[in-house]
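An overview of the molecular structure
The lines below spell out each chain.
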Number of protein chains: 2
Amino acid sequence: MNQPLRMTKQRAAVAEALQVSDEFRSAQQLHELLRDRGDAVGLATVYRTLQALADGGDVDVLRTDDGEALYRRCARTEHHHHLVCRSCGRAVEIDGPTVEAWAAEVGSTHGFADIEHTVELWGTCAACRASADRAS
Amino acid sequence: MNQPLRMTKQRAAVAEALQVSDEFRSAQQLHELLRDRGDAVGLATVYRTLQALADGGDVDVLRTDDGEALYRRCARTEHHHHLVCRSCGRAVEIDGPTVEAWAAEVGSTHGFADIEHTVELWGTCAACRASADRAS
DNA sequence: ACCAGAGTGAGAATCGTTATCATGACTCCT
DNA sequence: AGGAGTCATGATAACGATTCTCACTCTGGT
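In what follows, the accompanying structure is described. On a predicted model such as this, the values are computed, not experimentally measured, just so you know.

What counts and what doesn't
- Residues numbered from 1 in each chain as written.
- Chains lettered and ligands numbered in written order.
- Predicted model: local features only at pLDDT ≥ 70, side-chain atom pairs only at ≥ 80, totals over all residues.
- Heavy atoms only, no water.
- Core = buried A, V, L, I, M, F, W, Y, C linked by side-chain atoms within 4.5 Å.
- Buried < 20%, exposed > 50% of the residue type's maximum accessible area, 1.4 Å probe, protein only.
- Contact = heavy atoms within 4.5 Å.
- Pairing = 2+ DSSP bridges.
- Helix = DSSP H or I, 4+ residues; strand = E, 2+ residues; numbered from the N terminus.
- Near = heavy atom within 4 Å.
- Polar contact = N/O pair within 3.5 Å; in protein donor to acceptor, adjacent residues only side chain to side chain.
- Nonpolar A, V, L, I, M, F, W, Y, C, P; charged D, E, K, R; others polar.
- Axes fitted to C-alpha atoms, helices over the stretch in contact; angles between N-to-C directions.
- Parallel < 35°, antiparallel > 145°, perpendicular 65-115°, else oblique.
- Left-handed = near helix turned anticlockwise from the far one by under 90°.
- Least-squares fit on C-alpha atoms with pLDDT ≥ 70 in both.

Counting residues in each nonpolar core, the largest one holds 28 residues, and the members touching the most others are W102 of chain A together with W102 of chain B. Excluding residues that lie within four positions of it along the chain, W102 of chain B makes contacts with I94, D95, G96, P97, V99, V119 and L121 of chain A.

This part takes up the sheet that holds strand β1 (residues 25–26) of chain A. Residue and element names in this part refer to chain A. Ordered by their spatial adjacency, three strands build an open sheet running β1-β3-β2, and the pairing between neighbours is antiparallel. For this open sheet the edge positions go to β1 and β2 (60–63), each flanked by a neighbour on one side alone. Across four bridges, β2 lies against strand β3 (residues 69–72) in antiparallel orientation. For D60, the partnering residue across the bridge sits in β3 and is R72.

Among the 22 residues in the neighbourhood of DNA strand D, the closest are listed as Y47 and A69 of chain A together with T8, R11 and R48 of chain B. At the protein interface, 71% of the atoms of DNA strand D within 4 Å belong to sugar or phosphate. Contact between DNA strand D and M7 of chain A: a phosphate oxygen at 3.5 Å from a main-chain N or O atom of the residue. Between a phosphate oxygen of DNA strand D and a main-chain N or O atom of A69 of chain A, the distance comes to 2.9 Å. Contributions of two or more residues to the surface near DNA strand D are made by α3 (43–55) of chain A together with α1 (9–20) and α3 (43–55) of chain B. It is α3 of chain A that provides the largest number of residues to the surface near DNA strand D, a total of five residues. Classifying every residue of the surface near DNA strand D gives eight nonpolar, seven polar and seven charged.

The next thing to look at is the packing of helix α4 (residues 97–109) of chain A against helix α4 (residues 97–109) of chain B. Two elements in contact, α4 of chain A and α4 of chain B, have axes whose closest approach is 10 Å; the angle formed by their N-to-C orientations is 155°. If you check the angle between α4 of chain A and α4 of chain B, you find them roughly antiparallel. In the packing of α4 of chain A onto α4 of chain B, the handedness of the crossing is left-handed. For the pair α4 of chain A and α4 of chain B, the contacting residues are P97, T98, V99 and W102 of chain A in the first and P97, T98, V99 and W102 of chain B in the second. Tallied by class, residues from the contact of α4 of chain A with α4 of chain B come to six nonpolar, two polar and no charged.

This part covers the relation of the copies chain A and chain B. Least-squares fitting of chain A to chain B yields an RMSD of 0.1 Å, with the superposition described by an axial translation of 0.0 Å and a rotation of 180°. Given the turn and translation reported, the copies of this chain are related as if by a two-fold rotation axis. The overlap is high: 100% of the interface residues of chain A also sit at the interface in chain B, so the same surface is used on both sides.

Note that all results are geometric; they support no functional claim without further evidence.
Below, the structure written as structure tokens:
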């Protein structure tokens, strides 16, 4: 068994920064956000904390097209997917009712085991579209 | 209009290395593979070529969990997904008949536009499972 | 209050990837 | 064949994200 994590100022700060928004944020964004807010936390610690939270299933992680990791504290712990705004990171949690079974079936059909699936939707949310229009 | 790319030894070599296998390979793996085979090609060129091929839709790109890009020359050019072996990179092209419509619908329901989706399945193929058993 | 050990942070180190830039190869024109 | 102009190459530097190192600090149990 792995002993529970100690609660420190920094971990609390990171956790809280995640509570606040429902948007996916990169480690660096969170680091900056904390700095600006006054709770300066070392970048390394932000990374460590996020990793720990992710391992514990407390935050969801996904990758942008260029490989950067984004983190978000989701309302539910159960398996789900996301519809993410590619410009602001705002996300909606969604289910893929049919996807789950489909994935497992396709996997075994081809003799693959331990199937996992990555299903994420990317789009531009209404708000970001509005501000893009305004700019043009 | 963008003029066609010049066909050079190195581009041919990279393209051919991709033809050979149906496995997803990283740029670095391909670079090594070419070196070993005798067709030494600069790493930068491998990256450039892969990027060009990807832009042209001639190779598919996906990202591992840790953000590394993997490339593969697929049989079809039309939109499709993959079932990839997480240990050897072997891949099977699959369709997600229902997924497409579902993605678009979910997107518009939440007011998102320009919906794209990422759907990839990861598993362990029969061959890799066999060699894993042998090792244990 | 004390102490063992987990946690922290500044900076170095890694790793994948992209940018630079001098050099080389290819095309087209004559 | 002889250039001029262009695109491609490759060694290397630069980059950005992430991880590692290590001396120092704090937490949590006593």
